[in-house]
2 protein chains.
Amino acid sequence: MSRETTSPALQAAEKLCDERGERLTPIRRRVLELVHEADGPVKAYDLLETLKPGPGSAKPPTVYRALEFLLGLGLVHKVEALNAYVGCSHSHSCGGAELFICSDCGSVQECHGAPVSTQTPDGFIIERSVVEHFGHCGNCRT
Amino acid sequence: MSRETTSPALQAAEKLCDERGERLTPIRRRVLELVHEADGPVKAYDLLETLKPGPGSAKPPTVYRALEFLLGLGLVHKVEALNAYVGCSHSHSCGGAELFICSDCGSVQECHGAPVSTQTPDGFIIERSVVEHFGHCGNCRT
DNA sequence: TTCTCGGGTGTAATATTATAACGTCGCAGT
DNA sequence: ACTGCGACGTTATAATATTACACCCGAGAA
């Protein structure tokens, strides 16, 4: 799921930053790589551990800033129910995604397209939706 | 939204506990009341503050245990994206709800009924869904 | 009655997740 | 050079949540 020396995700990120006039700095790139290389959702403090082979560098704000940046670009999604982060599997910037998280193997699949509501209350205007499904993926059902 | 001396929510909770052979202890009842009395999602540590007029009592586990119990019975929902809790506005025990949270006034409306997915990945079996919409409610749109 | 067992709670400590505040550095534009 | 700004470093702390263990009390068995 992730072994190229320069992954498609990275290339897409470069492109997107270019378009938006944003800078994909080494730290941001590294965090993006780590999130994508992981098998499932990654915790911020796990990233932190991985980022600091040498002592001194990589404190929490470092990783949270990078994640915030990547979230803003839609390159990474936060799994709210897990306080964890997953790489966006689409090569474009996307708004909110619908996530399917396997409780057995931890894999995450993403869908797009309005999954929305059967019934929205009266005048409610939705700005942002969090949609996370937990269950068992096809592979993990014996 | 909550001013009876014995609210419908409380009565429903009594009934439900009865049916299930669970005990609605004073702490649990108090937490349920507080969650329902609040205008919007409540943080665990705010409950904690409210619960301890006198020093000494009410440590985090107290409130988390009560919340866990109430969540289990479906009397309270957790808003994952806020790390906060809301009272279930239905008088029955319900599975997951679809929540509409107004970013202006903080009010929460609940809908039930499969809001689910336009497209579920291949063999994925959903066990639990988190669906939270953030935006602006009818009242808050001038 | 006494025993014991389990659920609920009290308590202390600690783990985990996240942010605030402030300083520094380097670079783009003047 | 000077200035301003964005990214990052660093320290501290806030906010959220859990672990572990002790105690109490009430239900049912002995």
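Reading the values: rules and limits
Residues numbered from 1 in each chain as written. Chains lettered and ligands numbered in written order. Predicted model: local features only at pLDDT ≥ 70, side-chain atom pairs only at ≥ 80, totals over all residues. Heavy atoms only, no water. Near = heavy atom within 4 Å. Polar contact = N/O pair within 3.5 Å; in protein donor to acceptor, adjacent residues only side chain to side chain. Helix = DSSP H or I, 4+ residues; strand = E, 2+ residues; numbered from the N terminus. Nonpolar A, V, L, I, M, F, W, Y, C, P; charged D, E, K, R; others polar. Least-squares fit on C-alpha atoms with pLDDT ≥ 70 in both. Contact = heavy atoms within 4.5 Å. Buried area = accessible area lost by both parts, 1.4 Å probe. Salt bridge = Lys/Arg side-chain N within 4 Å of Asp/Glu carboxyl O. Buried < 20%, exposed > 50% of the residue type's maximum accessible area, 1.4 Å probe, protein only. Pairing = 2+ DSSP bridges. Axes fitted to C-alpha atoms, helices over the stretch in contact; angles between N-to-C directions.

Lining the immediate surroundings of DNA strand C are 18 residues, of which Lys43(A), Tyr45(A), Lys78(A), Thr25(B) and Arg65(B) lie closest. Considering the 4 Å shell around the protein, atoms of DNA strand C inside it are sugar or phosphate in 51% of instances. Contacts to DNA strand C include Tyr85(A), whose side-chain N or O atom sits 3.3 Å from a phosphate oxygen. Taking Arg28(B), its side chain carries an N or O atom lying 3.5 Å from a sugar or linking oxygen of DNA strand C. Every element with two or more residues in the surface near DNA strand C is listed here: α4 (60–72) of chain A together with α2 (26–37) and α4 (60–73) of chain B. Counted by class, the surface near DNA strand C contains 7 nonpolar, 5 polar and 6 charged residues.

As a matter of local geometry, DNA strand D sits amid 18 residues, with Thr25(A), Arg65(A), Lys43(B), Tyr45(B) and Lys78(B) nearest to it. Taken together, the sugar and phosphate atoms account for 49% of what DNA strand D places within 4 Å of the protein. At a separation of 2.7 Å, a base nitrogen of DNA strand D approaches a polar side-chain atom of Arg65(A). One of the side-chain N or O atoms of Lys78(B) is found 2.7 Å from a phosphate oxygen in DNA strand D. Elements supplying a minimum of two residues to the surface near DNA strand D: α2 (26–37) and α4 of chain A together with α4 of chain B. Looking at side-chain class alone, the surface near DNA strand D contains 7 nonpolar, 5 polar and 6 charged residues.

Turning our attention to the relation of the copies chain A and chain B. For the pair chain A and chain B, the relating rotation is 180°, the translation along its axis is 0.0 Å, and the fit reaches an RMSD of 0.0 Å. With respect to symmetry, the two chain copies, as superposed, fit the operation of a two-fold axis. Residues of chain A ranked by C-alpha distance from the rotation axis are headed by Val131(A), positioned 2.3 Å from it. A share of 100% of interface residues in chain A that are also interface residues in chain B marks the association as one of identical surfaces.

Our next topic: the interface of chain A and chain B. Across the contact, 37 residues belong to chain A and 37 residues belong to chain B. Across the chain A to chain B interface the summed buried area is about 2900 Å²; carbon plus sulfur atoms make up 54%. If you look at where chain A meets chain B, you find 12 residue pairs in polar contact (both at pLDDT 80 or more). Looking at the side of chain A that touches chain B, the elements that each hand over two or more residues are β3 (98–102), β4 (108–111) and β5 (125–136) of chain A. Considering each element in turn, the side of chain A that touches chain B owes the most residues, 12 residues, to β5(A). Grouping the amino acids of the side of chain A that touches chain B by side-chain chemistry returns 16 nonpolar, 14 polar and 7 charged.

Opposite charge on two side chains permits pairing when their charged atoms draw close. Enumeration according to the criterion identifies 10 salt bridges over all chains in this entry. Among the salt bridges present, the one from Glu14(A) reaches Arg29(A), with a minimum N-O distance of 2.5 Å. One end of the pair, Glu14(A), is in helix α1 (residues 8–20); the other, Arg29(A), is in helix α2, and 15 residues separate them in sequence. By relative accessible area, which is 33% here, Glu14(A) ends up partly exposed. You can call Arg29(A) partly exposed: its relative accessible area is 27%. Two residues, Glu33(B) and Arg30(B), come together in a salt bridge whose shortest N-O distance is 3.2 Å.

Here the focus is the sheet that holds β3(A). Strand pairing in a sheet relies on backbone hydrogen bonds, with the paired strands running either antiparallel or parallel. Reading across the sheet, the 6 strands line up as β4(A)-β3(A)-β5(A)-β5(B)-β3(B)-β4(B) and stay open at both edges, with mixed pairing between neighbours. Each edge of the sheet is formed by a strand with only one pairing partner; in this case those strands are β4 of chain A together with β4 (108–111) of chain B. With strand direction ignored, the average angle separating the axes of adjacent strands in the sheet is 20°. Bridge count between β3(A) and β4(A): 4 bridges; the pairing is antiparallel. Following the sheet pairing, Ile101(A) is matched in β4(A) by Val108(A).

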